[in-house]
Structures are given as C-alpha cells and as structure tokens.
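Structural overview
The primary structure of each chain is shown beneath.
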Amino acid sequence: GEPPAKCLQIDGAWPNSARANIEAAKGKLVSGFPTYVAKVCAEYPDGLPLKYEGAGYDNFWGWFKGSHILFYPKGVSTTENATYTLAHELVHALVAEGNNFAIYLRYIATPGILSEVPKCFYDYNPVLLEERLAETVAFTVIKPRCGNPQQQWPKHYNFVQQNIMK
C-alpha cells in the first residue's frame, strides 16, 4: 500500500535546513509511529500540506490551521524541534472536530486524566485540554529531557498508547 506519510505534503518555499529537518521528522514519525501517522492521514485523503512561514508568529513553533499545518522558524530549527512540532500539530489535525473528535471526548472523560498537566518546555495554559494531549504525543515521540512521560503522566501516556499509537 501507500506509505502513511504520503499525505504529509511539504508545500511551498522552505529554507533548505528547515526542509531537511521536517523531512527527517516525517521519516522518524513514519518509521517509529506508523499507526499514528496512518490515523492522521486517513482523515486527509487529499493530503495535509506542511507549510513554512518565515515571519513566525509570537513564540509559536507551529499551528494546525484546519486544512494545513504552518511551521515557524523555531519549530523547524533542528530535527528534534521539527519532530516535536510535527508530532504535536498532527494531534490537533487528528482530533479536529469532525475528524476523530471522539478521541478527544474519550480523552477528557478518562478518569483522573485532568489531574495531570504534561508540561516540559512549552508553558501553555493548562485549561487548554487539547494542548495536554498534543504535548503527551510529542513527548512520546521525542523522549523529552524533562523526564519520562510514562512515569510523570501515566494516565496521559496510557491514553496515548491505547487510543492514538495503536
């Protein structure tokens, strides 16, 4: 069959280093987390464009915009940053209303999950529940320096393993 990353289409002009980093990030996700990528791609049969916006936006690294994902310079400045940003933004694409929104509903209904706030280096407002889910997936992919997600946020880690990675 088709490789699961086919839907993740690098679109428009990218600086060479940023393009190399996002290509490496795609490769890591496809080879290490193919079920996750396949779930996202199933929702975007015509493709999910990955676009670069050199002007940036505040301190954002990336942003799922409904029909595409925008990457800002900080989010693709290294392969690790690109991998983190891609993994994080794909969660927003996966659970967008009308696309696997049931995953998000199961997430917020999971007993005890709201008592955990997965944070490492991105200081988001904890009331943004979808950010908690996106951070957990990103931490599962990049293995953050701030600790072990399975130990620090076990409810989140288990939810991601059972509902997104399988």
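Right, let's walk through the structure included here. (Residues numbered from 1 in each chain as written. Predicted model: local features only at pLDDT ≥ 70, side-chain atom pairs only at ≥ 80, totals over all residues. Heavy atoms only, no water.)

**Some thoughts on the side chain of Asn163**
Mapped onto the secondary structure, Asn163 falls in helix H7 (residues 154-163). Taking the relative accessible area as the measure of exposure, Asn163 reaches 15% and is therefore buried. At 3.0 Å, the side chain of Asn163 and the side chain of Arg106 are in polar contact. Among residues more than four places away in sequence, those in contact with Asn163 are Lys39, Ile103 and Arg106. (Helix = DSSP H or I, 4+ residues; strand = E, 2+ residues; numbered from the N terminus. Buried < 20%, exposed > 50% of the residue type's maximum accessible area, 1.4 Å probe, protein only. Polar contact = N/O pair within 3.5 Å; in protein donor to acceptor, adjacent residues only side chain to side chain. Contact = heavy atoms within 4.5 Å.)

**Thoughts on the pairing of strand E2 (residues 48-52)**
The buried fraction of E2 amounts to four of the five residues, a majority that puts the element mostly inside the structure. As defined by bridge partners, strand E1 (residues 8-11) adjoins E2 across four bridges and the pair is classed as parallel. Bridge pairing in E2 places Ile10 opposite Leu50. Where E2 meets strand E4 (residues 69-71), three bridges bridge the pair, whose relative direction is parallel. Following the sheet pairing, Tyr52 is matched in E4 by Phe71. (Pairing = 2+ DSSP bridges.)

**Considerations on a nonpolar patch on the surface**
Judged by side-chain polarity, Tyr57, Phe60 and Trp63 come together as a nonpolar surface patch covering roughly 270 Å² of accessible area. Within the secondary structure layout, Phe60 lies in the loop between E2 and strand E3 (62-64). You can call Phe60 partly exposed: its relative accessible area is 33%. (Patch = residues over 30% accessible without salt bridge, like charges linked within 9 Å, V, L, I, M, F, W, Y side chains within 5 Å. Areas by Shrake-Rupley, 256 points an atom, 1.4 Å probe, with all protein chains shown as cover. Salt bridge = Lys/Arg side-chain N within 4 Å of Asp/Glu carboxyl O.)

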